[in-house]
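Listed below are the residues making up each chain.
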Amino acid sequence: MLKATLLKSKPETLFETSKPKNGIKVEDIKEAIEKLGLKYKRVDEIDIFNILSVLKEQK
């Protein structure tokens, strides 16, 4: 059973605004893997370096 607590006043912030993040997204990594032709290959350290290089060039 769920219980609710009544608030005495409206909260200051209902939702946090989403800030643009400068990090790497999964979609970016997938795109880089496809560009490098690594989609169906085991990835090693050199491949990871190449993926990060492609992502760095895109930004």
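Residues numbered from 1 in each chain as written. Predicted model: local features only at pLDDT ≥ 70, side-chain atom pairs only at ≥ 80, totals over all residues. Heavy atoms only, no water.

**Some details on the packing of helix H1 (residues 26-36) against helix H2 (residues 45-58)**
One can describe the packing of H1 onto H2 by two numbers: an axis separation of 9 Å at closest approach and a directional angle of 110°. Compared by their axis directions, H1 and H2 come out roughly perpendicular. Relative to H2, H1 is oriented so that their crossing is right-handed. Contacts between H1 and H2 involve Asp28, Ile29, Glu31, Ala32, Ile33, Lys35 and Leu36 from the former and Asn50, Ile51, Val54, Leu55 and Gln58 from the latter. Across the contact of H1 with H2, the residue classes tally to seven nonpolar, two polar and three charged. (Axes fitted to C-alpha atoms, helices over the stretch in contact; angles between N-to-C directions. Helix = DSSP H or I, 4+ residues; strand = E, 2+ residues; numbered from the N terminus. Parallel < 35°, antiparallel > 145°, perpendicular 65-115°, else oblique. Left-handed = near helix turned anticlockwise from the far one by under 90°. Contact = heavy atoms within 4.5 Å. Nonpolar A, V, L, I, M, F, W, Y, C, P; charged D, E, K, R; others polar.)

**So, the nonpolar core**
Grouped together as the largest cluster of nonpolar side chains are five residues: Ala32, Leu38, Ile51, Val54 and Leu55. The element that contributes the greatest number of residues to this core is H2, accounting for three residues. When sequence neighbours within four positions are dropped, the list of residues in contact with alanine 32 reads Ile51, Val54 and Leu55. (Core = buried A, V, L, I, M, F, W, Y, C linked by side-chain atoms within 4.5 Å. Buried < 20%, exposed > 50% of the residue type's maximum accessible area, 1.4 Å probe, protein only.)

**Quick look at the side chain of aspartate 28**
Its place among the elements puts aspartate 28 in helix H1. Filtering out sequence-adjacent residues up to four positions away, aspartate 28 remains in contact with Leu55 and Lys59.

**Remarks on a nonpolar patch on the surface**
Residues Ile24, Ile29, Val43, Ile48 and Leu52 make up a contiguous nonpolar surface patch of roughly 400 Å² in combined accessible area. By the secondary structure assignment, leucine 52 is in helix H2. Judged by its relative accessible area of 45%, leucine 52 falls in the partly exposed class. (Patch = residues over 30% accessible without salt bridge, like charges linked within 9 Å, V, L, I, M, F, W, Y side chains within 5 Å. Areas by Shrake-Rupley, 256 points an atom, 1.4 Å probe, with all protein chains shown as cover. Salt bridge = Lys/Arg side-chain N within 4 Å of Asp/Glu carboxyl O.)

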